[in-house]
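Observations on the three-dimensional arrangement
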Amino acid sequence: MGSRSRLLGVLVPGLLAISSIGLAACGGSSNSSNSAGSSGGGSSSSSAPSGSNVSSELAKFPAVVTAPAAAKKGGTLSVIADGDVDYIDPGAAYYQPTYMIDLAVDSPLMGWPPNDTAAPVPLLASAAPTITNSGKTITFHIKPNVHYSPPLGGGTGWTKPVVSQDVKYAIERGLLPGVPNGYLGLYFADLQGLSQAQAAVKKDPTKAPDISGITTPNSSTIVFTLTKPSSIGVIDALSLPLSSPVPQAYAAKYDSKTPSSTYGAHQIDVGPYYISSYQAGKQITLLRNPNYTAGSDFRPAFVDKVAVQEGFADTNSAISKILTGSDMINFDFSATGESLKLAATKYPKQLTLTPAGGNRFVALNTQKPPFNNINVRKAVIAASDRDALRNTRGGVLAGGLATHFIPPGIPGYQQAGGAAGPSGAQFDFIQHPTGDMALAESYMKKAGYSSGKCTGNCTITMVSGNVPPASDTAQVVKAQLSQLGFNVQLHPVEQAVMYTKFCSVVANEPNVCPNVGWIKDFNDGQAMIDIPFNGGTITASPTNNSNWPQLNNPTINAALAAAKLIVDPTARAAAYGKIDDEIMAQAPAIPWLWDYEANVSSSDVLPVINEFNGLTDLAFTSIK
Amino acid sequence: MSVGTPDLLLDETEVGAVDLVSDEIAARSPWELFARRFREDKFALAGLIFLTLLILVAIFAPLVCKLVGAPGPYFADQNALDVFGQPTGPSSAHIFGVDQLGRDVFSRVVYGARVSLLVAFVSTFLTTIFGVFCGLFAGFYRGWIDTLISRTIDAWLAIPYLLLAIGLASACSFGNGCVGGLIKPGVPVVIAVVALTSWTYPARIIRGQVLSIREKEFVEASRSLGASNFRIIVKELLPNLTAPIIVFASTFLPTVILFEAALSFLGVGVQPPTPSWGQMISDASPNIATQWWYMLFPGLALLFTALAFNFVGDAMTDALNPRARKR
């Protein structure tokens, strides 16, 4: 939220990791009472997650999550951006602001209406999928007569209607090295024939390989066959842009290009809008898709044109420009710090807060001394002033104080202890939001430091971002660690370098990474804690590791493997909540924030926030 | 053997500097003349007083903070931040307000003086020593030594020094520093960067001076009496280089202070949380419109310090080179 861009997928391909940046994801709770009726039925505001310690702040700046009754058609919406999308190609997109575009121009099999936080609903699919074979077979039927838009960059495009084979190809092309999809191997790992397809594409990187687990019995049916009953995660993942259709006969020539597919620059879309013009780093223009049938899905598409203007590096000025201007909303930055204060105090009706569905934590490297000692880790957490850490990102409006890792709105949050966090004496180290030095010193003594503070070789390394608020957070962490006697060598570097050279490289990881966090890909506990705390992540990707604490606990690993196969939502939430507590018991990190997404708009804009990614939904937003 | 610095000799306008006591004519020493001339410059005196106070404040920073009732420069007072986590302005608890982490700006300005002065004096010392050494050898020995040193200086001057400084500072600010750990991250990096990028200036000045002085009669006389090169350099040349060295150092000090501030402003100088004026100004710049105190006080400290050094430096230049003053 504080820094300038959200380079999630760019920095850590394969993951939606939080960079310095803002979280941008759906919030709300699966059991929260969103009064969202059908669009057009009057506006409704998102309600704070039940049991959250943050509801009062959210209530002050509620987000509208359905199309207001007063919404009108027409006009141009200006979207003010700092940076660019990560990939214009929907097959590679893995960045929440990019999803803002994709939600308006693409139609994956499943989708997320703005007020939906429980489970995705059919979008390109004509109905909810049929799950058979004990959760190992998923069958979708797609809507008839869905047509492609004119192509980006001109040309004849593709006049045939969407068929199921287009969806199969869209997913298969995600294996191409020229379409660097970040989550296919993650959420579709149990797809039958995936490993063979991955091997095939290594032999011929210019041709999308066949995945035998995806079949199309006819042009309107697509079947996914899994090796394990992990259908919940697969269906959730089919709400991501990868499953938006791409006709092989049209795209193959672009996909055969190396090192990168050029399909993105020639893409054809099926949503209510299409990308009519794109200049990397400068602008993106969306126009109405002339081949889209109004009412064919839940997107009303009010404005005629969306103009994304990039290059607003001074986000404080950009926020001010939006608040005082007309027809504008924010893109890849949120109001934070001073600009958040400005918006909250002078333009409160133009500010919305939405739970971002992510967390921020200070990762303690559990594989290196001194943090390979659990009591030292508990001491550090006990000493931490999480309120001070939150102040570095904007105080109470930045988000709720985290007490564990699954954030509000994600199944498992309540089961893990809700806002209060896990209870019991074994969790005393996380129960003091402003820190408890006496408790911290008692843990240090248990760790063998008789004075309650580190003595002897107490030099530890910490690599942080080098611009506020990340650098501010790092300074606060350093001060807190110093209280326990640690001599912290703080090395501020660019946020990207922090990940790619240090925190995500197992061999180079410092003792402390203070600026990391995780945002869900979709509303499920698996998407929240399976990657950052699964020991398998470390060995699977030693140079792009997102298990920053390098926690490798066999019990937790086994529990994660079992939980993703649970189909019953209640049992699944309970399982992930329990795992979250087990992770917290290992004290691998200091969880300190469950972010809010702070969006702003001009006074003449009726913004609708999509709780899936916490950002403005372009297909629902209108001009007064 | 030395006959003194020519510039420190009386000039014809300073007859009054000669006192007639009884039958004796007592000439003032060059340093007395220097002090007399220096005292004529009121701005320089004010600057000197300011710098003296600044040095005392820097040395006794903990005591100064205690007297004012300010917490230490690293203490983050969360209660001094508003509900948005933003710093609050001057108050009875924090007379200069607090920064973005709730740290007392007064304390950080006071402790920042330590950094600025430390960098300024040590860098200037190293720069001057190395520059004088190179200039002396180049000017005295001439020949291939002069060619080697002079061409090195030319090549060095062709390098954009700010970019070089940023590169060096970035490279040495990580891990154990660079040059096998000789240059440690933090203040040592800044000092090394300043010295490495600035030694050419005194080297050129000194070389020119040496080329002139080495031809003077007293040097010839010394050589004819069998003095070694080392003795000539140490006993004849160096004393006669005092004035240009002092002039260079005095005018270089404010440059270093500003250079350190610039590096810190760019994020490659003194690393946080060590207080530095340049870094404070950098941190404050995004919110200058609403958090004026955060930039104002370190900015004023930087301004007045540089100004004071400039006044003093100019006055020293004038006092040591009265002919130049008259022009």
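Residues numbered from 1 in each chain as written. Chains lettered and ligands numbered in written order. Predicted model: local features only at pLDDT ≥ 70, side-chain atom pairs only at ≥ 80, totals over all residues.

Across its full length, chain B carries 14 helices and two strands. Counting only residues that meet the buried cut, chain B has 44% of its 327 residues in that class. For chain B, the share of sequence-separated contacts (at least 6 apart) that also reach a separation of at least 24 residues comes to 70%. (Helix = DSSP H or I, 4+ residues; strand = E, 2+ residues; numbered from the N terminus. Buried ≥ 20, exposed ≤ 12 C-beta atoms within 10 Å, placed from the backbone. Contact = placed C-beta atoms within 7 Å.)

Let us now look at the overall build of chain A. Of the regular secondary structure elements, chain A holds 19 helices and 22 strands. Relative to the globule expectation of 25 Å for 624 residues, the C-alpha radius of gyration of chain A, 23 Å, shows essentially globular dimensions. For chain A, the spread of C-alpha atoms along the principal axes amounts to about 75 × 55 × 40 Å. Out of the 624 residues belonging to chain A, those deemed buried represent 64%. (Rg over C-alpha atoms; globule rule 2.2 N^0.38 Å.)

Residue and element names in this part refer to chain A. Orientation of helix 18 (residues 554-563) relative to helix 19 (residues 569-585), taken along the N-to-C sense of each, is 165 degrees, at an axis distance of 10 Å. Viewed along their axes, helix 18 and helix 19 adopt a mutual orientation that is roughly antiparallel. Of the two elements, helix 18 crosses helix 19, and the hand of that crossing is left-handed. For the pair helix 18 and helix 19, contact is made by T555, I556, A559, L560 and A563 and by R572, A575, Y576, I579, E582 and I583, respectively. Its residues placed into classes, the contact of helix 18 with helix 19 shows eight nonpolar, one polar and two charged. (Axes fitted to C-alpha atoms, helices over the stretch in contact; angles between N-to-C directions. Parallel < 35°, antiparallel > 145°, perpendicular 65-115°, else oblique. Left-handed = near helix turned anticlockwise from the far one by under 90°. Nonpolar A, V, L, I, M, F, W, Y, C, P; charged D, E, K, R; others polar.)

Next up on the list: helix 1 (residues 30-39) of chain B. Residues and elements named next belong to chain B. Among all positions in helix 1, only L33, F34 and R37 are buried. Projection of helix 1 onto a plane perpendicular to its axis shows the buried side chains occupying an angular sector of 100 degrees, all on one side. Turned more than 90 degrees away from the buried face of helix 1, the exposed residues are W31, E32 and A35. (Arc of directions from axis to C-beta.)

This next bit is on the interface of chain A and chain B. Facing 27 residues of chain A, the contacting portion of chain B comprises 18 residues. Elements that contribute at least two residues to the side of chain A that touches chain B include exactly helix 10 (337-346), helix 12 (386-391), helix 14 (470-483) and strand 16 (487-493) of chain A. The element that contributes the greatest number of residues to the side of chain A that touches chain B is helix 14 of chain A, accounting for six residues. Along the lines of polarity and charge, the residues of the side of chain A that touches chain B split into ten nonpolar, ten polar and seven charged.

With that settled, the discussion passes to unusual backbone geometry. Going from T258 of chain A to P259 of chain A, the amide bond is cis rather than trans, its omega being 5 degrees. Residue P370 of chain A is bonded to the preceding P369 of chain A through a cis peptide linkage, with omega at 5 degrees. Along the chain, P370 of chain A turns up in the loop between strand 13 (358-364) and helix 11 (374-383). One non-glycine residue, R142 of chain B, adopts positive backbone phi at about 50 degrees. If you trace the backbone, R142 of chain B turns up in the loop between helix 4 (105-141) and helix 5 (143-158).

To continue, consider the sheet that holds strand 7 (residues 221-225) of chain A. Strand pairing within a sheet occurs via backbone hydrogen bonds; the two strands may be parallel or antiparallel. Residues and elements named next belong to chain A. With respect to topology, four strands assemble into an open sheet ordered 4-5-7-6, the strand pairing being antiparallel. Only two strands of the sheet have a single neighbouring strand rather than two, namely strand 4 (130-132) and strand 6 (214-218). Neighbour-to-neighbour, the strand axes of the sheet open up by a mean angle of 20 degrees, direction not taken into account. Pairing geometry for strand 5 (residues 137-141) and strand 7, over five bridges, is antiparallel. Across the sheet, residue F140 finds its bridge partner in strand 7, namely I222. (Pairing = 2+ DSSP bridges.)

Here we come to the nonpolar core. The nonpolar side chains of a soluble globular protein tend to be buried with one another. If you look at the biggest cluster of nonpolar residues, it comprises 188 residues, and the most contacted ones within it are V234, A343, V362, A363, A379, V380 and L484 of chain A. It is strand 18 (residues 589-600) of chain A that contributes the most residues to this core, eight residues altogether. A80, A120, F248 and M316 of chain B belong to the second-largest nonpolar core, a separate cluster that totals 83 residues. (Core = buried A, V, L, I, M, F, W, Y, C linked by C-beta atoms within 7 Å.)

Turning next to the packing of helix 4 of chain B against helix 5 of chain B. Residues and elements named next belong to chain B. As a packed pair, helix 4 and helix 5 sit with axes 7 Å apart at the nearest point and diverge in direction by 140 degrees. When the axis of helix 4 is compared with that of helix 5, the two are oblique. Handedness of the helix 4/helix 5 crossing: left-handed. Contacts from C134, F137, A138, G139 and Y141 of helix 4 reach helix 5 at G143, I145, D146, I149 and S150. Looking at the contact of helix 4 with helix 5 residue by residue, the class counts come to six nonpolar, three polar and one charged.

Moving on to the confidence of the model for chain B. All names here are of chain B. Mean pLDDT for chain B: 85, with 89% of residues reaching 70 or above. Within the model, pLDDT remains below 50 along residues 1-18, and this stretch shows 31 contacts once partners closer than five positions in the same chain are excluded. Scored as a complex, the prediction yields pTM 0.79 and ipTM 0.73. (pLDDT = per-residue confidence, 0-100.)

A word on the sheet that holds strand 11 (residues 328-330) of chain A. Residues and elements named next belong to chain A. Read from one edge of the open sheet, five strands run 8-9-10-1-11, paired in mixed fashion. The sheet is open, and its two borders are formed by strand 8 (273-279) and strand 11, each paired with just one other strand. Neighbour to neighbour, the strand axes of the sheet diverge by 20 degrees on average, direction disregarded. Pairing of strand 9 (residues 283-288) with strand 10 (residues 305-309), which is carried by five bridges, proceeds in the antiparallel orientation. Paired with I284 across the two strands is V308, which belongs to strand 10. Lying over the sheet, helix 9 (residues 315-324) contacts strand 1 (76-80) and strand 11, oriented at roughly 145 degrees with respect to strand 11.

A few words now on the pairing of strand 10 of chain A. All names here are of chain A. Because side chains alternate across strand 10, one face comprises the buried residues V306 and V308, and the other comprises K305, A307 and Q309, none of which is buried. Two elements, strand 1 and strand 10, share five bridges in a ladder whose sense is parallel. Note on strand 10: the bridge partner recorded for S78 is A307.

This part is about the confidence of the model for chain A. Residue and element names in this part refer to chain A. For chain A, per-residue confidence averages 88 on the pLDDT scale, and residues scoring 70 or more make up 91% of the total. Confidence drops under pLDDT 50 across residues 1-44; counting only partners more than four residues distant or on other chains, this segment forms 186 contacts. Low confidence marks residues 46-54, where pLDDT is under 50. Its contacts with residues over four positions away, or in another chain, come to 35 contacts.

Further remarks concern the pairing of strand 6 of chain A. Pairing between strand 6 of chain A and strand 7 of chain A: three bridges, direction antiparallel. From the neighbouring strand, I214 of chain A faces strand 7 of chain A, where its bridge partner is F224 of chain A.

So, about the environment of G143 of chain B. Residue and element names in this part refer to chain B. Positionally, G143 belongs in helix 5. On the basis of neighbour count, G143 is assigned to the exposed category, with 8 C-beta atoms found within 10 Å. Sequence spacing of G143 and Q271 is 128 residues, and the spatial spacing of their C-alpha atoms is 44 Å.

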